[in-house]
Amino acid sequence: MIRYDLVCDKDHAFDSWFPDSAAYEKLLAGGFVACPHCGSTKVAKAIMAPAVKRTDKGRTAPSPPPAAGPPGPAPVALLSEKEQQMRAFLRAVRRHVVENAENVGERFPDEARRIHAGETEERAIYGDASLEEVRSLHEEGIEVLPLPRLPEEGN
């Protein structure tokens, strides 16, 4: 995991964690990195101090004295409200499909073809298919849609 200090085009500073730098670049390009303050997706990395591993093996530095004056800014959520709403929507879609369709697993491409050809009853199904199998189904005129993968399924 890597943490980046980020800043939006309206000069709001925030930070976020990513699996690696490639994931950050992919999410940024897709418009999924947004400022939690204003929602802007025009975000860039801010200048950061490097994280340096300690070499003093167990010795701890003295704690700094408590800061005088008002407390600093409250911590911000890693996801903007818009991203939280999108994830809630994806969970609802997935829950609806799981509750109302039959999971045919790896038989999905074959079962979709059988339903399309009228060889078996028409019903809602879901399951697993490779990208090549999905392309083939589309070329045959069989409409299929990907079931969104939830973010927590990758963690």
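The structure we're discussing is the one just above.
What comes next is a walk through the structure. (Residues numbered from 1 in each chain as written. Predicted model: local features only at pLDDT ≥ 70, side-chain atom pairs only at ≥ 80, totals over all residues. Heavy atoms only, no water.)

To describe a pair of aromatic rings, you give the distance between the ring centres and the angle between the ring planes. Taken as a whole, this structure holds three aromatic pairs when the rule is applied. Centre to centre, the rings of Tyr4 and Tyr24 are 5.0 Å apart; their planes meet at 65 degrees, and the pair counts as edge-to-face. Remark: Tyr24 occurs in helix α1 (residues 21-29) and Tyr4 occurs in strand β1 (residues 2-8); sequence separation between them is 20 residues. Ring centres 5.1 Å apart and planes at 75 degrees place the aromatic pair Phe18 and Tyr24 in the edge-to-face group. Residue Phe18 shares its accessibility class with Tyr24, and that shared class is buried. Of the aromatic side chains, those joined through ring pairs into one cluster are Tyr4, Phe18 and Tyr24. (Phe/Tyr/Trp six-rings, centres within 6.5 Å; stacked < 30°, edge-to-face > 60°. Helix = DSSP H or I, 4+ residues; strand = E, 2+ residues; numbered from the N terminus. Buried < 20%, exposed > 50% of the residue type's maximum accessible area, 1.4 Å probe, protein only.)

A word on the pattern of salt bridges. Scanning the model with the defined rule gives eight salt bridges in all. For Arg3, the salt bridge goes to Asp5, with nearest N and O atoms at 2.5 Å. The exposure class assigned to Arg3 is partly exposed, which follows from its relative accessible area of 30%. Judged by its relative accessible area of 22%, Asp5 is partly exposed. (Salt bridge = Lys/Arg side-chain N within 4 Å of Asp/Glu carboxyl O.)

Here the focus is the sheet that holds β1. One open sheet holds the three strands; their spatial order is β2-β1-β3, and the pairing between them is antiparallel. Of all the strands in the sheet, the pair left with one neighbour each is β2 (13-18) and β3 (43-45). The mean inter-strand angle of the sheet, taken between neighbouring strand axes irrespective of direction, is 40 degrees. Here six bridges tie β1 to β2, and the two strands are oriented antiparallel to one another. Among the inter-strand pairings, Asp5 is bridged to a residue of β2, identified as Asp15. Packing against the sheet, α1 makes contact with β1, β2 and β3, and its axis sits at approximately 160 degrees to β3. (Pairing = 2+ DSSP bridges. Axes fitted to C-alpha atoms, helices over the stretch in contact; angles between N-to-C directions. Contact = heavy atoms within 4.5 Å.)

Right, let's talk about the pairing of β1 for a bit. As consecutive antiparallel partners, β1 and β2 are separated by four residues, and within that stretch Asp11 has a phi angle of approximately 70 degrees, a positive value. In the sheet, β1 pairs with β3 via three bridges, with the strands oriented antiparallel. Counted as the bridge partner of Cys8 is Val43 from β3.

Right, let's talk about the state of the cysteines for a bit. Linking two cysteines covalently through their sulfur atoms gives a disulfide. Under the definition given, this model contains zero disulfides. Sulfur of Cys8: no disulfide; nearest cysteine sulfur belongs to Cys35 and is 3.8 Å away. Here Cys38 stays free of any disulfide, with the sulfur of Cys35 as its closest cysteine sulfur at 3.8 Å. Residue Cys38 is classed as partly exposed on the basis of its relative accessible area of 35%. (Disulfide = S-S within 2.5 Å.)

Quick look at the side chain of Glu111 now. Assignment of secondary structure puts Glu111 in helix α3 (residues 108-116). According to the relative accessible area criterion, Glu111 is buried, its value standing at 4%. Within the local environment of Glu111, its side chain forms a polar contact with the side chain of Arg123, the two groups lying 2.7 Å apart. If we skip the residues at most four places from it in the chain, Glu111 touches Val104, Thr120, Arg123 and Ile125. (Polar contact = N/O pair within 3.5 Å; in protein donor to acceptor, adjacent residues only side chain to side chain.)

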